[in-house]
Amino acid sequence: MIIEFVGPSASGKSTLIQNLKENYNLDLIYQSDKNIQIFEIITSFAYLRIILEIYLKIFFTTNLTFSNKRFYSRHITKKIIYFKKYEDLERPFILDEGIINIYLSVLSIHNISIYKIIEKYIDVKNYFAILIKVNPRLLNERILHRGPPAGWDNRKLFTETVNKEVMYYKIQEKFSAYSNDFFQDKEIKYFSLENDSNIEDATDKAVEIINVILN
């Protein structure tokens, strides 16, 4: 079973999971506790086949720039390999950014859909999502205070002449709209979680949702 926290940058995905890990005794596997060695990947035909398939599809069927193709290919294959590695364990595997979040990020930032590339790796019977909702103005304040993800600057998504505050707001707004449409259209089971107040309240709500999923 996979449980993925879904939400735009600064919505609190990583913070919520860290709180769950440190303060609640939940029978979960956290990605931060696991590490797949490169030796395992290069010696596994199944993993190499996944990497080859994702890289080829991203590089030859999308209009992303080279740096973005490389960035998203690496992140998607890493997530899928984790899924494959731990799919037979009885405890659910929880992560703060899975392939649904990556898909929605690509769509929000680049207006390019990669869903046909990732859909075969989503087992709708065993894939659950917790969709984090945050007031757009509060969300923008958080990202301006914290700063954008390092990957945005590393890939030079925005030029110096762009009004970054306006651009961040538009991306977060698109992410929220696309995520609502996505979960209404797909068969993936999801739960909404508001994270406008303090993180402790949001974490308590996340625990309630996870217990519903597990039971």
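Residues numbered from 1 in each chain as written. Predicted model: local features only at pLDDT ≥ 70, side-chain atom pairs only at ≥ 80, totals over all residues. Heavy atoms only, no water.

(A) Examining the pattern of salt bridges more closely. Taken as a whole and assessed by the stated rule, the structure comprises four salt bridges. Arg91 serves as the salt-bridge partner of Asp27, at 3.8 Å between the closest nitrogen and oxygen. Of this pair, Asp27 sits in the loop between helix H1 (13–23) and strand E2 (29–30) while Arg91 sits in the loop between helix H4 (66–86) and strand E3 (93–95), placing them 64 residues apart in sequence. The exposure class assigned to Arg91 is partly exposed, which follows from its relative accessible area of 34%. Linking Asp185 and Lys186 is a salt bridge whose minimum nitrogen-to-oxygen distance equals 3.4 Å. (Salt bridge = Lys/Arg side-chain N within 4 Å of Asp/Glu carboxyl O. Helix = DSSP H or I, 4+ residues; strand = E, 2+ residues; numbered from the N terminus. Buried < 20%, exposed > 50% of the residue type's maximum accessible area, 1.4 Å probe, protein only.)

(B) Spotlight on the pairing of strand E1 (residues 2–6). Taken across its five residues, E1 has five buried, putting it largely inside the fold. Side chains Ile2, Glu4 and Val6 project from E1 onto one buried face, and the interleaved Ile3 and Phe5 project onto a second face that is buried too. Where E1 and E3 come together, three bridges link them in parallel fashion. Counterpart to Ile3 in the pairing with E3 is Ile94. Judged from the five bridges that link them, E1 and strand E4 (residues 127–133) form a sheet pairing that is parallel. Looking at E4, one finds that Phe5 is bridged to Ile130. (Pairing = 2+ DSSP bridges.)

(C) Fine view of the packing of H1 against helix H10 (residues 199–214). At a closest axis distance of 10 Å, the pairing of H1 and H10 adopts a crossing angle of 70°. Taken together, H1 and H10 sit at an angle that is classed as roughly perpendicular. On H10, the residues touching Thr15, Leu16, Asn19 and Leu20 of H1 are Ile199, Ala202, Thr203, Ala206, Val207 and Ile210. (Axes fitted to C-alpha atoms, helices over the stretch in contact; angles between N-to-C directions. Parallel < 35°, antiparallel > 145°, perpendicular 65-115°, else oblique. Contact = heavy atoms within 4.5 Å.)

(D) Representation of the sheet that holds strand E5 (residues 189–194). Judged by pairing direction, the sheet is parallel, and its five strands sit side by side in the order E2-E3-E1-E4-E5 without closing on themselves. Two strands bound the open sheet, and with one partner strand each, they are E2 and E5. Of the strand pairs in this sheet, E4 and E5 are connected by six bridges, and their pairing is parallel. For Leu131, the partnering residue across the bridge sits in E5 and is Ser192. Contacts from helix H5 (residues 99–110) reach E1 and E4 within the one sheet, and its direction differs from that of E1 by about 30°. Where H10 meets the sheet, it contacts E1, E3, E4 and E5, and its direction lies at approximately 165° from that of E5.

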